[in-house]
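Residue strings, one per chain:
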Amino acid sequence: MVAVNELQEMYENMVTARQYEERLQEEYMAGKQPAFDISAGPIPGELHLAAGHEAAGAGVCQHLRDDDTVTAPHRPHHIAIAKGVDLKRMTAEIFGRESGLSGGKGGHMHLFDPDVNFACSGIIAEGCPPAVGAGLAAKKRNTDSVAVAFLGEGAIDQGAFLESLNLASVQNLPVVFVVEDNDWAISMPKERVTDVENGAQRADGFGLQGMRVDADDAVAVSEAAREAVGRARDGNGPTLLEVQVHRRMGHFMGDPESYRPDEDKDAAEQRDSIERLESDLQAHGVDDETIDDLRSRAHDRVEEAIEWAKDQPEPESEDAYEDVFVNPPSGVTDNEPSTADTGGDD
Amino acid sequence: MAQQEKDDASGQQAGRSLTMSRAMVEAIAHEMRADDEVFYMGEDVADYGGIFDSTEGLLEEFGRDRIMDVPISETAYLGAAVGAAQEGMRPIAELMFVDFFGVAMDQIYNQMAKNTYMSGGSVNVPMVLTAAVGGTYNDAAQHSQTLYGTFAHLPGMKVVVPSTAYDAKGLMHNAIRDDDPVVYMFHKRLMGIGWLPAPDGPKTGVPEDDYTIPFGSADVKREGADVTVVTLGLHVHRALEAAADLADDGIDIEVVDLRTLVPLDTDTIRDSVAKTGHLVVVDEDYRSYGVTGEIIASVAEAGLDDLEAVERVALPDVPIPYARPMEDEVVPGTEDIAAAVRAARGDE
Ligand SMILES: Cc1ncc(C[n+]2csc(CCOP(=O)(O)OP(=O)(O)O)c2C)c(N)n1
Ligand SMILES: [Mg+2]
């Protein structure tokens, strides 16, 4: 059973993520009209939105503490929000500003917030081994922290994931692998790239627990994650948890989705886990006013973060030379191009 | 020789111009029609037509058996290309971004690149590894690299980097027909993709018929008397832009487009330096232990008499940052090239 306050917490997280991404989409598209140029506008580069994935982030992260580690893939916003990543600094990072989480060096696919042990990688499945490492550290130090690696269903054919399952299992590490199954890996439907419909069955081959939540249902995710995270925290080993989600948008902004049948998109949109959770809240006797309050709190938080981020200064171009090392080898390498010093137009 | 070729076959005479992606696809389609053993594997290469249009339209003509969407398992499918090639087929396998080579490098550098040598030449690996390269659109550290030097450094692979549609087609014909493994690196910014506008240069005239451009033939894209600028890929066009600006100040640069890193056409570079006495090497890869150092060394080895001054312009040794001001700082721009040319001349 998931308590009412927990339902409300998930709902607020999910609504925050959805509203956040709707606003990001607006900001992203500004400056990319009428012709879409990926490097133009206030948010340049690729942008992978997670609308439709919210239940996975909220349902899992609900059971996590700040000292638990999360690694996220290229579609990280909903997970970051649910993990408690600083929303203002995350937004500033996405806008490429100096006060962003990484001072503008990372961008939306590379969000790092050590305060809540959150990290990303844009390389498919490559967040899995570091999550195993966080679990290893927890075990060696005898803490009860856990580590969670999020990845897409397209990533579970990757060596880094399969090797991580095995290592986590044989070392009995406190790790949960969360597969967000949105049926698509860019333009490739799941059945084109694997003969195994239930990704959680991969666990069987490595001797760890496998679970699958078959519907876009935050409550079911939360219940499954409670078990998986609890198992890890109690020292009883890793779990592979696959969660059905759906993709409401293109793979990235600008994706024409011409490969995707209309019916598939329509069907996906019918499965909105946020609406579903709203009905659950109502069934638990939460009144509309309370729901509206949660929504408007989310709205205000999103607006505040975006306004704040847009007010932040851009980094200096010279900042590019910093942070390669925390302990720069002075006198060994000069990163600055010599022509920038000696050339010039004068 | 390179110049000769251009006059014969390229450009205006062809009567039509193509984007680099169309030219590349045209060569692949031609080879696939001619030889049933040619096939293409990659992520999103079928219905999507390649994220960077590298296979646009091929699914319709050749079907899923030959234009194969494969799982996100680069080790498995790049390695499968190696194995099929050793069976005598002619696979083309795509890395969606060259940055992803890390997950599959063993198949590339220990298998694909070495099996010929380790077998004493009794085995060969006639495959093409295609890969999108390059930055300039704020895709940050894991999606913006060129890694030219990495591939060129490791023995056993031929490394091709086209800068125009004309070159892209001729080099692709050659790549598929070559009996050795070829890494074909196409710059995203040059492909002519709607959402990633290309500069003016890469769209060129392209003959309808097939033709090959031999590997190891650098192309003088602009003749000039004062300074030799050796470069490749996107930076050919940035160098040509710099040339136009410099010409206004009476500085006449020669732009040498390497077209292939392996084999490297040292003769064309040395001839040009013998004429100008000034060498500037421009690269979109990291500065240290890379293309710029190699080109300069290859000139130095031939004797330093001709060489009065050397400059290099490359990415500093930092990962590529996301935010615009920082990415613009590290990726060499037209002004950086012009500044290096002036520095080589001792202008202050
Ligand atoms: C090693 C590697 N190969 C390919 C890619 C390109 N790529 C980025 S996202 C993606 C599809 C991922 O699908 P999935 O794991 O299902 O996640 P989703 O995008 O559906 O959330 C691919 C192929 C990559 N980033 N890294
Ligand atoms: Mg997916």
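Values in this document were obtained by computation on a predicted structure and should not be read as measured data.

(A) Molecular detail of the overall build of chain A. In terms of helices and strands, chain A carries 12 helices and 8 strands. Expected size for 346 residues packed as a compact globule is a radius of gyration near 20 Å; at 21 Å, chain A falls within 12% of this value. Overall size of chain A, expressed as C-alpha extent along the three principal axes, is 70 × 45 × 40 Å. Taken over 346 residues, chain A has a buried fraction of 58%. Looking at chain A alone, contacts between residues at least 24 apart form 74% of all its contacts between residues at least 6 apart. Accessible surface, chain A as shown: approximately 13900 Å² in total, 46% of it carbon and sulfur. The averaged location of the 69 negative side-chain charges in chain A is 4 Å from the averaged location of its 30 positive side-chain charges.

(B) Representation of unusual backbone geometry in the model. Residues A:Gln33 and A:Pro34 are joined by a peptide bond in cis, for which omega reads -10°. Here B:Asp44, not a glycine, exhibits a phi torsion of approximately 60°, which is positive. Looking at the secondary structure, you find B:Asp44 in the loop between strand S2 (38-42) and helix H3 (58-62). Since its relative accessible area comes to 2%, B:Asp44 is described here as buried. Although it is not a glycine, B:Leu147 adopts a positive phi angle of roughly 55°.

(C) Layout of the environment of A:Asn142. Tracing the backbone through its elements, the reader meets A:Asn142 in the loop between helix H5 (128-140) and strand S3 (147-152). In this structure the C-alpha to C-alpha distance between A:Asn142 and A:Gly235, which are 93 residues apart in sequence, comes to 9.6 Å.

(D) Structural context of the side chain of A:Glu242. Residue and element names in this part refer to chain A. Tracing the backbone shows Glu 242 in strand S8 (residues 239-244). Separated by 2.5 Å, the side chains of Glu 242 and Arg 212 make a polar contact. What Glu 242 contacts, discounting residues up to four positions off in sequence, is Glu 153, Ile 156, Val 179, Asp 181, Lys 190, Glu 197, Asn 198, Gly 199, Ala 200, Met 211, Arg 212 and Val 213.

(E) Seen up close, the packing of H5(A) against helix H6 (residues 159-170) of chain A. Residue and element names in this part refer to chain A. With their axes 8 Å apart at the nearest point, H5 and H6 run at an angle of 15° to one another. Compared by their axis directions, H5 and H6 come out roughly parallel. In this structure, H5 meets H6 at a crossing whose hand is left-handed. Listed contacts from H6 to Cys 128, Pro 129 and Val 132 of H5 are Ala 160, Phe 161, Ser 164, Leu 167 and Ala 168. When its residues are assigned to classes, the contact of H5 with H6 shows 7 nonpolar, 1 polar and no charged.

(F) The packing of helix H9 (residues 234-248) of chain B against helix H13 (residues 334-345) of chain B, seen in detail. Residues and elements named next belong to chain B. Put simply, H9 and H13 touch, their axes get as near as 8 Å, and they point 60° apart. Viewed along their axes, H9 and H13 adopt a mutual orientation that is oblique. With respect to the hand of their crossing, H9 and H13 are arranged in right-handed fashion. Judged by residue contacts, His 235, Arg 238, Ala 239, Glu 241, Ala 242, Asp 245 and Leu 246 of H9 engage Thr 334, Ile 337, Ala 338, Val 341 and Arg 342 from H13. A per-class count over the contact of H9 with H13 returns 6 nonpolar, 2 polar and 4 charged.

(G) Just the site of ligand 1, in detail. Within the structure, ligand 1 sits among 22 residues, and A:His74, A:Arg75, A:Asn182, A:Trp184 and B:Glu74 are positioned closest to it. Close to ligand 1, residues of chains A and B are found. Separating an oxygen atom of ligand 1 from a backbone N or O atom of A:Gly154 is a distance of 2.8 Å. One of the side-chain nitrogen or oxygen atoms of A:His251 is found 3.4 Å away from an oxygen atom of ligand 1. The protein chains hide 97% of the 580 Å² of surface that ligand 1 would expose on its own. A per-class count over the shell around ligand 1 returns 9 nonpolar, 9 polar and 4 charged.

(H) Just the pattern of salt bridges, in detail. All names here are of chain A. What the rule picks out here adds up to 52 salt bridges over all chains. For Asp 157, the salt bridge identified is with Arg 202, shortest N-O distance 2.6 Å. Here the residue Asp 157 occupies a position in the loop between S3 and H6, and Arg 202 occupies one in the loop between helix H7 (190-193) and strand S7 (209-213), the gap between them amounting to 45 residues. In this structure Asp 157 comes out as buried when scored by relative accessible area, which is 14%. Residues participating in the shared-partner salt-bridge network are Arg 247, Asp 255, Glu 257, Arg 260, Asp 264 and Lys 265.

(I) Summary view of the interface of chain A and chain B. Taken together, the contact pairs 57 residues of chain A with 49 residues of chain B. Together, the buried faces of chain A and chain B total about 4300 Å²; carbon and sulfur atoms form 57% of this surface. Our count for the contact surface shared by chain A and chain B stands at 2 salt bridges. A salt bridge links B:Asp47 to A:Arg192, with the nearest nitrogen and oxygen atoms 2.8 Å apart. Inspection of the chain A/chain B interface yields 20 residue pairs in polar contact (both at pLDDT 80 or more). For the side of chain A that touches chain B, the secondary structure elements donating two or more residues are helix H4 (87-94), H7 and helix H12 (338-342) of chain A. It is H12(A) that contributes the most residues to the side of chain A that touches chain B, 3 residues altogether.

Criteria and cut-off values
Residues numbered from 1 in each chain as written. Chains lettered and ligands numbered in written order. Predicted model: local features only at pLDDT ≥ 70, side-chain atom pairs only at ≥ 80, totals over all residues. Heavy atoms only, no water. Helix = DSSP H or I, 4+ residues; strand = E, 2+ residues; numbered from the N terminus. Rg over C-alpha atoms; globule rule 2.2 N^0.38 Å. Buried < 20%, exposed > 50% of the residue type's maximum accessible area, 1.4 Å probe, protein only. Contact = heavy atoms within 4.5 Å. Areas by Shrake-Rupley, 256 points an atom, 1.4 Å probe, with all protein chains shown as cover. Lys, Arg positive; Asp, Glu negative; His and termini not counted. Charge placed at Lys NZ, Arg CZ, Asp CG, Glu CD. Polar contact = N/O pair within 3.5 Å; in protein donor to acceptor, adjacent residues only side chain to side chain. Axes fitted to C-alpha atoms, helices over the stretch in contact; angles between N-to-C directions. Parallel < 35°, antiparallel > 145°, perpendicular 65-115°, else oblique. Left-handed = near helix turned anticlockwise from the far one by under 90°. Nonpolar A, V, L, I, M, F, W, Y, C, P; charged D, E, K, R; others polar. Near = heavy atom within 4 Å. Salt bridge = Lys/Arg side-chain N within 4 Å of Asp/Glu carboxyl O. Buried area = accessible area lost by both parts, 1.4 Å probe.

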